[in-house]
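# Structural overview
Each chain, written out:
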Amino acid sequence: MPLSGIKVLDLSRIISGPFCSMILADFGAEVIKVESPAGDATRVSMVFGEEGENPYFVGLNRNKRSLVLNLKKDRGKEVFRRLAKWADVLIENFRPGVMERLELGYKDLCKINPGLIYASISGFGLTGPYKDRPAFDFIAQALSGFMSLNGDENTPPLRCGLPISDNITGLYLAFGIMAALRRRDQTGKGQELTCALMDALMSCYSFASGAFFHTGELPPRTGNDHMAVSPYGVYEAADGPLAVAPSTAQTWVSLCKVLEREDLLEDPRFKTNALRRENRSQINRIVADIIKTKTRQEWMDLLNPVGVPAGPINNLREAFEDPQVRHQKMVMELPQPGGPVKAAGFALKMKDTPARVEMPSPQLGEHTRQVLSQMGYSEKEAEDMLKEGVVQDWDGLYDVDRLKAKG
């Protein structure tokens with residue numbers, strides 16, 4: 001595995017940090033998930049179903065081990081410092097200042113491990129006027145301007161239905177960790193790195209920010225249309241909605257030929273992309289009237305071979321049953337103790353060293369004794385720490401049932 005031998009301490013919770021460490025674990029990194037006695041909130045929040053493990057948690061925490069450690073106790077901090085001396089990477093997404101107050105910030109830990117890569121996720125950054133604000137994906141989408149681009153001119157701004165800032169931030173951080181490890185190979189030194197949810201979203205605006213910086217005008221909300229290209233969007237075929245994306249001059253020509261409307265190429269309203277944008281409603285009506293005369297499959301058979309991207313608007317059931325999705329193995333089953341749990345597959349395909357599942361997502365504290373032994377603690381020391389509440393091990397119940405029972 002390409003990341004075999006890389007040791008990661010993951011103190012993060014919810015989505016962004018666990019998504020990052022999941023990527024590292026999938027490619028062979030040894031990830032120890034350090035949890036408080038209450039556990040990661042996703043073990044019990046947004047549970048889909050009444051029994052067993054939460055698939056939300058399972059999907060983000062495969063290939064990791066769980067150590068329950070109380071960092072409010074001095075001995076818990078001592079255990080953590082021993083772990084930090086052993087680790088290559090630390091990931092955390094507490095509010096800025098929390099780790100420093102525990103005396104476990106980068107400046108504290110780099111003294112005992114100069115090669116440590118210390119990766120932090122925040123809502124808005126570790127410094128600045130918003131650093132202490134609570135943040136969630138929804139708030140990052142709002143403040144960053146991301147929501148102002150979603151919807152159409154007749155609707156309020158809309159959030160993306162998925163926690164997009166969490167996932168983009170996790171991806172950025174995984175890349176940053178790889179870059180920092182490469183730099184450490186060159187210099188022997190670790191470093192601190194951070195990524196904020198709002199920054200991650202704002203880095204992805206491409207043509208939207210480009211147009212704004214160039215013109216000073218706010219981009220319009222265009223719904224399923226493209227703010228820079230027309231025609232482009234969702235059209236009703238004879239049997240349902242079809243997405244059509246002729247985003248270049250050549251694909252516009254090809255579209256007109258398939259629609260048997262080559263006269264549109266010479267129409268003064270539509271001769272350039274700028275004119276087509278200006279007359280968006282008119283060109284959309286023309287395209288829509290023709291698209292409704294055939295089924296989606298008929299249009300895909302005509303459009304895709306000539307380079308015009310087109311596809312149906314699938315729901316999740318249709319998407320996960322799609323033959324290309326199945327071919328790409330984007331549905332997999334994770335081998336959990338209570339039975340297999342389905343999850344989305346590995347997006348990144350590496351021919352020689354592919355990602356793989358080596359172990360199920362952990363029960364809360366399942367590996368506490370194992371990790372303590374690995375760090376050199378004796379069985380008696382482990383027992384003493386369990387009695388003192390410094391650490392906690394798994395009590396044999398599924399986490400969701402045990403934590404519900406505890407209230």
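The coordinates are above.
Report follows, based on the coordinates. In this text the structure is predicted, and so the values were computed from the model without any measurement. (Residues numbered from 1 in each chain as written. Predicted model: local features only at pLDDT ≥ 70, side-chain atom pairs only at ≥ 80, totals over all residues. Heavy atoms only, no water.)

Looking at the secondary structure, you find Arg276 in helix α11 (residues 273–278). Although Arg276 is buried, it forms no salt bridge, and the closest oppositely charged side chain is Asp267 at an N-O distance of 10.0 Å. Here Phe270 takes part through its backbone oxygen, which lies 2.9 Å from a polar atom of the side chain of Arg276. Other than its neighbours up to four places away in sequence, Arg276 contacts Ser230, Pro231, Trp252, Arg269, Phe270, Lys271 and Ile283. (Helix = DSSP H or I, 4+ residues; strand = E, 2+ residues; numbered from the N terminus. Buried < 20%, exposed > 50% of the residue type's maximum accessible area, 1.4 Å probe, protein only. Lys, Arg positive; Asp, Glu negative; His and termini not counted. Salt bridge = Lys/Arg side-chain N within 4 Å of Asp/Glu carboxyl O. Polar contact = N/O pair within 3.5 Å; in protein donor to acceptor, adjacent residues only side chain to side chain. Contact = heavy atoms within 4.5 Å.)

Let us now look at the packing of aromatic side chains. One pass over the structure, following the stated rule, counts three aromatic pairs. When the ring of Tyr106 is compared with that of Tyr118, the centres are 5.9 Å apart and the planes differ by 70 degrees; the resulting orientation is edge-to-face. A residue pair is termed long-range when its members are at least 10 positions apart, and Tyr106 in helix α5 (residues 106–109) and Tyr118 in strand β5 (residues 117–122) qualify at twelve residues. Given a relative accessible area of 16%, Tyr106 falls into the buried group. On the basis of relative accessibility, which here comes to 1%, the residue Tyr118 falls in the buried class. When the ring of Phe124 is compared with that of Tyr130, the centres are 5.9 Å apart and the planes differ by 80 degrees; the resulting orientation is edge-to-face. A residue is classified by how much of its surface remains accessible, and Tyr130, at 33% relative accessible area, is partly exposed. (Phe/Tyr/Trp six-rings, centres within 6.5 Å; stacked < 30°, edge-to-face > 60°.)

Bridge count between strand β7 (residues 233–237) and strand β8 (residues 240–244): five bridges; the pairing is antiparallel. Within the sheet, the bridge partner assigned to Tyr235 lies in β8 and is Leu242. With three bridges connecting them, β8 and strand β9 (residues 310–312) associate as antiparallel partners. Within β9, the position partnered with Leu242 by the bridge is Pro312. (Pairing = 2+ DSSP bridges.)

Right, let's talk about the environment of Leu372 for a bit. Relative to the helices and strands, Leu372 resides in helix α16 (residues 368–374). When its relative accessible area of 1% is taken as the criterion, Leu372 is described as buried. For the pair Leu372 and Ala382, spaced ten residues apart in sequence, the C-alpha separation works out to 6.8 Å. Each residue touching Leu372, except ones within four places of it in the same chain, is listed here: Val79, Tyr377, Ala382, Met385 and Val391.

All right, on to the sheet that holds strand β3 (residues 64–69) then. Spatially, the seven strands line up as an open sheet ordered β6-β5-β4-β1-β2-β3-β12, and their pairing is mixed. Every other strand in the sheet has two partners, leaving β6 (191–196) and β12 (391–392) as the edge strands with one partner each. In terms of strand pairing, strand β1 (residues 7–10) meets strand β2 (residues 30–35) through four bridges, oriented parallel. Its bridge partner being in β2, Val8 is matched across the sheet by Val31. On the sheet, helix α7 (residues 164–187) packs against β4 (89–92), β5 and β6 and is oriented at approximately 165 degrees with respect to β6. (Axes fitted to C-alpha atoms, helices over the stretch in contact; angles between N-to-C directions.)

On the surface, Tyr130, Phe136, Phe138, Ile139 and Leu143 cluster together to form a nonpolar patch covering roughly 470 Å² of accessible area. Mapped onto the elements, Ile139 comes out in helix α6 (residues 137–143). Note on Ile139: relative accessible area 37%, which makes it partly exposed. (Patch = residues over 30% accessible without salt bridge, like charges linked within 9 Å, V, L, I, M, F, W, Y side chains within 5 Å. Areas by Shrake-Rupley, 256 points an atom, 1.4 Å probe, with all protein chains shown as cover.)

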